[in-house]
Amino acid sequence: MALLVFRREEIEVLSLINGKKINSFSVLSGMEGFDKESFVNKKESHLTVIDDFIKDGAIWKSKDGKIHLIRELQGVFNIINSPKKTLKIKTASKQPIGEHYYCTIGDLGVLFSIGKDEEFYTIAYPFNDDFFSTWFNDEIIGDLDVAEKKDTSIECRLSSAEFSVLSILIMNGAYMKSLGNDYLIADRLLNADFLEYVHSNNILKVNIDSIRSIVSNNDLSSVLSSLEDKSILKTNEERIYLNEILVNAFESENLRDIVEITEISPFMRAKNLYITNNGYLILEPVLSKPLEWKIAVEGLNIDPLNLVSKLMNFSDITPSDEMKSEIIKHAKKV
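Computed from a prediction, not measured in an experiment: that's the story for all the values here.

1. Some points on unusual backbone geometry
For step 1, the next point in the chain: Cis geometry marks the peptide bond from Tyr-125 to Pro-126; its omega dihedral reads -10°.
For step 2, the next point in the chain: Within the secondary structure layout, Pro-126 lies in strand E7 (residues 121–127).
For step 3, the next point in the chain: Between Lys-289 and the following residue, Pro-290, the backbone shows a cis peptide bond with an omega angle of -5°.
For step 4, the next point in the chain: As for its position among the elements, Pro-290 is in the loop between strand E14 (279–286) and strand E15 (292–299).
For step 5, the next point in the chain: Phi angles above zero are rare outside glycine, and Asp-117 is one such case at about 60°.
For step 6, the next point in the chain: Among the structural elements, Asp-117 can be located in the loop between strand E6 (108–115) and E7.
For step 7, the next point in the chain: Here Asp-117 falls in the exposed class, since its relative accessible area comes to 73%.
For step 8, the next point in the chain: Its identity is not glycine, yet Glu-118 carries a phi of approximately 55°, on the positive side.
For step 9, the next point in the chain: Checked against the element boundaries, Glu-118 lands in the loop between E6 and E7.

2. With respect to the sheet that holds strand E10 (residues 233–236)
For step 1, the next point in the chain: Taken in spatial order, the three strands of this open sheet run E9-E11-E10, and their pairing is antiparallel. Across the chains shown, the open sheet's two edge strands, defined by having one partner strand only, are strand E9 (184–185) and E10.
For step 2, the next point in the chain: By the bridge criterion, four bridges tie E10 to strand E11 (residues 239–242) in an arrangement that is antiparallel. Within E11, the residue paired with Asn-236 across the bridge is Arg-239.

3. Let's talk about empty space enclosed by the protein
For step 1, the next point in the chain: The full count for this structure, using the stated rule, is two cavities of 30 Å³ or more.
For step 2, the next point in the chain: In this structure, the largest cavity spans a volume of roughly 50 Å³.
For step 3, the next point in the chain: Taken together, Phe-163, Leu-166, Ser-167, Ile-170, Leu-204, Leu-246, Phe-250, Leu-281, Leu-283 and Ile-295 make up the lining of the largest cavity.
For step 4, the next point in the chain: Of all the elements in the fold, those that place two or more residues in the lining of the largest cavity are helix H6 (160–178) and E14.
For step 5, the next point in the chain: Of the residues that constitute the lining of the largest cavity, the class distribution is nine nonpolar, one polar and no charged.
For step 6, the next point in the chain: Leu-87, Ile-89, Phe-132, Phe-136, Ile-261, Val-308, Leu-311 and Met-312 are the residues that line the second largest cavity.
For step 7, the next point in the chain: Elements supplying a minimum of two residues to the lining of the second largest cavity: strand E4 (85–91), helix H5 (129–141) and helix H11 (304–312).
For step 8, the next point in the chain: Residue composition of the lining of the second largest cavity, grouped by class: eight nonpolar, no polar and no charged.

4. Side note on the packing of aromatic side chains
In this description, a pair of aromatic rings is defined by centroid distance and the angle of the planes.
For step 1, the next point in the chain: By the definition in use, this model includes eleven aromatic pairs.
For step 2, the next point in the chain: Seen from their ring centres, Tyr-175 and Phe-194 are 5.4 Å apart, and the 50° between their planes marks the pair as tilted. Separated by 19 residues along the polypeptide, Tyr-175 in helix H6 and Phe-194 in helix H7 (residues 192–200) bring together distant segments of the chain.
For step 3, the next point in the chain: Between the aromatic rings of Tyr-175 and Tyr-197, the centroid separation amounts to 5.3 Å while the plane-to-plane angle is 50°, which identifies the pairing as tilted. On the criterion of sequence distance, the pair formed by Tyr-175 in helix H6 and Tyr-197 in helix H7 is long-range, its members being 22 residues apart.
For step 4, the next point in the chain: Looking at Lys-271, its charged tip hangs above the ring of Phe-314, at a distance of 4.6 Å from the centre.

5. Points about the confidence of the model for the protein
As a note on interpretation, predicted positions should not be read in detail where pLDDT is low.
For step 1, the next point in the chain: Counting all residues, the mean pLDDT for the protein is 87, and 94% of those residues have values of 70 or more.
For step 2, the next point in the chain: At the low end of the mean pLDDT range in the protein sits helix H12 (residues 321–330), at 56; at the high end sits helix H4 (residues 71–81), at 96.
For step 3, the next point in the chain: pLDDT under 50 marks residues 330–334. Its contacts with residues more than four places away, or in other chains, come to zero contacts.

6. Overview of the sheet that holds E7
For step 1, the next point in the chain: Across the sheet, which stays open at both edges, the ten strands sit in the order E1-E7-E6-E5-E4-E12-E13-E14-E15-E8 with antiparallel pairing between neighbours. The sheet is open, and its two borders are formed by strand E1 (2–6) and strand E8 (153–159), each paired with just one other strand. Pairwise comparison of adjacent strand axes, ignoring direction, gives a mean angle of 20° for this sheet.
For step 2, the next point in the chain: Pairing between strand E13 (residues 270–276) and E14: four bridges, direction antiparallel. Bridged to Tyr-274 within E14 is Leu-281.
For step 3, the next point in the chain: Here H11 sits on the sheet and contacts E4, strand E5 (97–105), E8, strand E12 (255–263), E13, E14 and E15; the angle it forms with E14, its principal contact strand, is near 20°.

Cut-offs and rules
- Residues numbered from 1 in each chain as written.
- Predicted model: local features only at pLDDT ≥ 70, side-chain atom pairs only at ≥ 80, totals over all residues.
- Heavy atoms only, no water.
- Helix = DSSP H or I, 4+ residues; strand = E, 2+ residues; numbered from the N terminus.
- Buried < 20%, exposed > 50% of the residue type's maximum accessible area, 1.4 Å probe, protein only.
- Pairing = 2+ DSSP bridges.
- 1 Å grid on protein atoms, 1.4 Å probe; cavity = no way out; pocket = protein on both sides within 12 Å on 5 of 7 lines; lining within 4 Å.
- Points joined across faces, edges and corners; volume = space filled by probe spheres on them.
- Nonpolar A, V, L, I, M, F, W, Y, C, P; charged D, E, K, R; others polar.
- Phe/Tyr/Trp six-rings, centres within 6.5 Å; stacked < 30°, edge-to-face > 60°.
- Lys NZ or Arg CZ within 6 Å of the ring centre and 35° of its normal.
- pLDDT = per-residue confidence, 0-100.
- Contact = heavy atoms within 4.5 Å.
- Axes fitted to C-alpha atoms, helices over the stretch in contact; angles between N-to-C directions.

Right under this line is the structure:
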């Protein structure tokens, strides 16, 4: 596998000489200043870069004086300029690389990474999904140094009401743990002390009004029953026990990192991966009406390729009537 390090001007020159039109799936389409007007102002610096690349053998001139990328770089920038799919990977932890982009056409891929403050750019190739899963496991997840790895696998969809209740339960789990308890009690979800805790620690953006509405409409028991059917929690009389990985995903002593995975496309679908000492939590808002949430809870024994497959594939979009109308309006007639 080759790894190349470039400056911004070098990326611009290689993309321009490649000649492929930058499409809406390309990482370059979202980079500020990556347009013809900006390039005109950089003409002198671009010519210097071209001369340097010719000396290095990355660019060659044909008899008619036209400049071309060597075959290897031509293939790489075919994928970067006009990929069929691009995933953006960004971690919450302070790593020297700010963002990674996995660009693919069919089975071939390129890993395009941007250093902090765009000080440098790296391109690694050739990639495929197997290499990408190995890279993701080694570089993003890393060695968690956990001896006991449980086998857990839960995957389900939650309604807005179920997600709201789950969010308040996770917050309540942390609150009850601070009091020395390992369980929750449903009728204490709206007591004054806990609500004060939520207001000062509301990392999940819990909507208290929606919880009050669920409770006042006597829907809480049915929502809890549904969450139990989906293996998200267990109930024993008035006590509630949340899935361990879910609870640990929001405790600083157990949470290792949060990874944001975004699909670069007109729809910009996204999901978050929470890496914990006990397992992985994947949360994905599903673009539908009403809004739903896809949730996956996996133990640390999950195969890296299987985990990355879950991260790379997004839920289908259920377009609204307005979106359908726009799609029809812009669709080409056959």
